[in-house]
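# Understanding the architecture of this molecule
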Amino acid sequence: MALPPLVEPAAELSIDEIRRYSRHLIIPDVGMDGQKRLKNAKVLVVGAGGLGSPALLYLAAAGVGTLGIVDFDTVDESNLQRQVIHGVSDVGRPKAESAAASIREINPLVNVVIHNTALDRDNVKEIFSQYDLIVDGTDNFATRYMVNDAAVLLGKPYVWGSIYRFDGQASVFWEEHGPCYRCLYPEPPPPGMVPSCAEGGVLGVLCASIGSIQVNEAIKLITGIGEPLVGKLMVYDALEMEYRKIKVRKDPNCALCGDNPTVTDLLEDYEDFCGAVSTEAQEATVDATITARELKDWQDAGKDVFLVDVREPAEYEINRIPGSVLIPKGEILSGEALSRFPQDRQIVLHCKSGVRSAEALAALKAAGFKDAVHVQGGIVSWVNTVDPSQPSY
Ligand SMILES: [Zn+2]
């Protein structure tokens with residue numbers, strides 16, 4: 001689905017600009033018109049870290065007229081393996097300032113706006129409202145959901161990316177034209193279940209692979225060329241050198257952009273939201289939790305297991321445990337899928353990290369399936385402990 005350009009063209013390009021951007025100007029799809037739109041564009045990059053570094057460098061070089069940088073962190077030596085916008089002499093310096101200095105060196109025609117602050121519920125809307133487009137390079141779920149919610153509430157498009165070890169994902173979320181991040185991932189994983197890049201590691205160059213996709217999408221949106229990743233999830237596996245595009249539909253039950261939204265303003269506390277598991281779910285998992293390794297042992301021993309993946313269809317496309325059937329959590333909670341569960345087999349539920357499966361387990365037990373169990377740590381744990389050859393996300 002092609003979309004109209006996000007930004008009106010600037011009145012003109014200077015002689016300096018025409019010289020600088022000549023390799024863009026001779027591409028028919030970009031041309032003078034596209035370059036003028038880039039000049040007029042205001043793009044905010046959230047985080048001057050792994051994804052933000054390449055994104056800022058290429059957005060600046062491309063001639064985006066106004067570039068905002070939000071980051072409250074300072075440059076650490078361990079950042080230099082992948083955060084290529086910073087150098088040795090920047091260690092200890094605020095990342096936003098260090099990034100701004102690099103941008104001025106690459107392209108002094110860019111107006112750089114520094115937001116040397118942590119994005120929070122009190123400033124996010126005010127900051128976002130100054131920009132046409134957001135590029136999300138955050139590395140934690142609390143900020144990621146807040147970025148999504150603020151963008152949807154303000155009607156802004158944003159380009160999202162995430163990275164872990166050798167695996168990356170990217171998409172464009174624009175509520176007006178497609179799904180939002182909550183449509184794809186309705187709930188965050190519980191804290192500690194999905195390791196961050198600081199805990200699990202990330203291949204430095206993966207930042208460039210995903211960051212450059214984000215810039216590519218930003219340029220397409222601004223100039224109105226090509227097919228943006230709206231309603232599509234790009235999944236990249238650096239080890240297999242494989243890109244896959246997965247269709248993501250707008251979820252009519254989405255808490256934010258669905259037909260009957262329950263989230264109508266920013267949440268009070270995103271950290272809290274990202275740690276929430278209901279009491280019923282906690283109680284249901286007592287003596288009804290197995291590890292990924294135990295599931296594998298059951299399968300290898302030939303135990304008659306009815307293994308149910310309660311994630312969303314797009315997640316099931318990314319990775320899956322062999323032998324599982326997909327029944328999304330919502331269909332279990334609503335009761336519509338209960339007839340698909342056998343009475344005489346061992347029911348095992350799993351999701352990404354164990355939160356959704358715990359909730360589905362509570363609903364199943366309430367419906368009389370007393371012996372059902374769920375997998376602790378979900379498919380993340382399965383990939384980490386049983387089958388590392390599967391992609392993770
Ligand atoms: Zn949504």
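For every chain, the first residue of its written sequence is number 1, and the numbers climb from 1 along that sequence. In keeping with the predicted nature of the model, local features appear solely for residues at pLDDT of at least 70, side-chain atom pairs appear and are counted solely at 80 or more, and the whole-chain, interface and lining totals rest on all residues. Side-chain descriptors were evaluated using all non-hydrogen atoms of the structure, hydrogens and water having been removed beforehand.

### Topic: helix H7 (residues 141-154)
Between its first and last C-alpha atoms H7 spans 20 Å; for 14 residues at 1.5 Å apiece the expected length is 20 Å, and the two agree. Note on exposure labels: buried denotes an accessible area under 20% of the residue type's maximum, exposed denotes more than 50%, and partly exposed covers the range between, all computed with a 1.4 Å probe on protein chains only. Secondary structure follows DSSP: runs of H or I at least 4 residues long count as helices, runs of E at least 2 residues long count as strands, and numbering of each begins at the N terminus. Burial analysis of H7 places eleven of its 14 residues in the buried class, the great majority of the element. All buried positions along H7 are accounted for by Ala 142, Thr 143, Arg 144, Tyr 145, Met 146, Val 147, Asn 148, Asp 149, Ala 150, Ala 151 and Val 152. We call two residues contacting when some pair of their heavy atoms lies within 4.5 Å. If you follow the buried residues of H7, they end up packed against strand S1 (42-46), helix H6 (124-128), strand S4 (133-136), strand S5 (158-164), helix H8 (181-184) and helix H11 (270-273). Phi turns positive, to about 70°, at Gly 155, one or two residues after H7. Expected span, for any helix, means 1.5 Å times one less than how many residues it has.

### So, the packing of helix H13 (residues 292-300) against helix H17 (residues 378-385)
Helix axes are fitted only over the stretch in contact, all axes being lines through C-alpha atoms; the angle between N-to-C directions runs from 0 to 180 degrees. The N-to-C vectors of H13 and H17 enclose an angle of 75°; their axes lie 8 Å apart at closest approach. Taken together, the axes of H13 and H17 are roughly perpendicular relative to one another. Between H13, through Ala 292, Arg 293, Leu 295, Lys 296 and Gln 299, and H17, the contact on the second element is made entirely by Ser 381, Trp 382 and Thr 385. Gly counts as polar in this scheme, as do all residues outside two lists: the nonpolar Ala, Val, Leu, Ile, Met, Phe, Trp, Tyr, Cys and Pro, and the charged Asp, Glu, Lys and Arg. Here the contact of H13 with H17 is composed, by residue class, of three nonpolar, three polar and two charged. Angles are sorted into four bins: roughly parallel if under 35 degrees, roughly antiparallel if over 145, roughly perpendicular if 65 to 115, and oblique for all others.

### Let's talk about the packing of aromatic side chains
Think of it this way: a Phe, Tyr or Trp ring, Trp meaning its six-membered ring, pairs with another when their centres are within 6.5 Å, and the plane angle makes it stacked under 30 degrees, edge-to-face over 60, tilted otherwise. Going through the model one piece at a time under the given rule, you end up with twelve aromatic pairs. Between Trp 160 and Phe 173, the aromatic rings sit 5.8 Å apart at their centres with planes inclined by 50°, giving tilted as the arrangement. Linking Trp 160 in strand S5 with Phe 173 in strand S6 (residues 167-173), this pair joins segments that are 13 residues apart in sequence. Judged by its relative accessible area of 2%, Phe 173 falls in the buried class.

### Some points on the UniProt feature "domain: Rhodanese" (unreviewed entry) in the protein
UniProt positions are given in the numbering used here, feature names are shortened, and annotations may be inferred rather than shown by experiment. When the UniProt feature table is mapped to this numbering, "domain: Rhodanese" (unreviewed entry) covers residues 301-391. Counted over residues 301-391, helix gives 34% and strand 16%. Its end C-alpha atoms are 25 Å apart.

### Things to note about the pattern of salt bridges
The rule for a salt bridge is simple: a side-chain nitrogen of Lys or Arg has to be within 4 Å of a carboxyl oxygen of Asp or Glu. Under the definition given, this model contains 18 salt bridges. The partner of Lys 250 in a salt bridge is Glu 175, with the nearest N and O atoms 3.7 Å apart. Here Lys 250, found in the loop between strand S8 (242-247) and H11, pairs with Glu 175, found in the loop between S6 and H8; they are 75 residues apart in sequence, far enough to count as distant. Lys 250 gets classed as partly exposed once you look at its relative accessible area, which sits at 36%. Across the pair Glu 217 and Lys 220 runs a salt bridge, and its minimum N-O distance is 2.7 Å. Of this pair, Glu 217 and Lys 220 both sit in helix H10 (residues 204-223), three residues apart, which is roughly one turn of that helix. Side by side, Glu 217 and Lys 220 carry an identical accessibility label, which is buried.

### Brief notes about the nonpolar core
With 46 residues, the main nonpolar core has Val 43, Leu 56, Leu 59, Leu 67, Ile 69 and Ile 103 as its most contacted residues. Among the elements that make up this core, the one with the highest residue count is H10 (nine residues). Ignoring anything within four residues of it in the chain, the contact list for Ile 103 reads Leu 56, Ala 60, Leu 67, Ile 69, Ile 85, Pro 108, Val 110 and Val 112. Residues Val 70, Val 147, Tyr 158 and Val 235 belong to the second largest nonpolar core, which totals 39 residues. What makes a nonpolar core is a set of buried Ala, Val, Leu, Ile, Met, Phe, Trp, Tyr and Cys residues whose side-chain atoms join them at distances within 4.5 Å.

### A few points about the coordination of the zinc ion
Each metal site lists N, O and S donors within 2.8 Å (3.2 Å for Na, K and Ca). With water left out of the atoms, a site can look as if it is missing ligands. Looking at the metal site, the zinc ion is ligated by Cys 180 (SG), Cys 183 (SG), Cys 254 (SG) and Cys 257 (SG), spaced 2.3 Å from it. A site with four donors is called tetrahedral when every donor-metal-donor angle falls between 85 and 135 degrees; four donors are called square planar, and six octahedral, when opposite donors sit more than 155 degrees apart and all other angles fall between 65 and 115; any other arrangement is irregular. Around the zinc ion sit four donor atoms; with metal-centred angles ranging over 92 to 121°, the donor geometry is tetrahedral. Summarised as a motif, the one-chain spacing of the donors to the zinc ion is C-x2-C-x70-C-x2-C. Taken together, the residues span a long stretch of sequence, with Cys 183 in helix H8 and Cys 257 in the loop between S8 and H11 at a distance of 74 residues. Under the relative-accessibility criterion, Cys 257 is labelled buried at 8%.

### Brief notes about the sheet that holds strand S13 (residues 373-375)
In any sheet, the strands associate via hydrogen bonds between backbone groups, in a parallel or an antiparallel arrangement. Ordered in space as S9-S13-S12-S10-S11, the five strands form an open sheet in which the pairing is parallel. Among the strands making up the open sheet, the edge pair consists of strand S9 (289-290) and strand S11 (325-326). As paired elements, strand S10 (residues 305-309) and strand S12 (residues 346-350) share five bridges and run parallel to each other. When the bridges of S12 are listed, Leu 307 appears paired with Val 348. Relative to the sheet, helix H16 (residues 355-366) contacts S12 and S13, its axis offset from that of S12 by approximately 145°. The pairing criterion for strands is at least two bridges between them, as found by DSSP.

### A few points about H16
Owing to its 3.6 residues per turn, the α-helix brings residues three or four apart onto one side. The end-to-end C-alpha separation of H16 is 17 Å, in line with the 16 Å expected for twelve residues at 1.5 Å each. Across the twelve residues that make up H16, a large majority, ten, are buried. The set of residues buried in H16 consists of Val 355, Arg 356, Ser 357, Ala 358, Glu 359, Ala 360, Leu 361, Ala 362, Leu 364 and Lys 365. In this structure, the buried residues of H16 make contact with helix H12 (279-285), helix H14 (313-318), helix H15 (329-333), S12 and S13. Phi turns positive, to about 105°, at Gly 368, one or two residues after H16.

### Structural notes on the pairing of S10
Counting buried positions along S10 gives five out of five residues, so the element sits mostly inside the fold. The alternating pattern of S10 places Val 305, Leu 307 and Asp 309 and Phe 306 and Val 308 on opposite faces, both of which are buried. Bridge count for S10 against S11 is two bridges, and the pairing is parallel. Paired with Asp 309 across the bridge in S11 is Leu 326.

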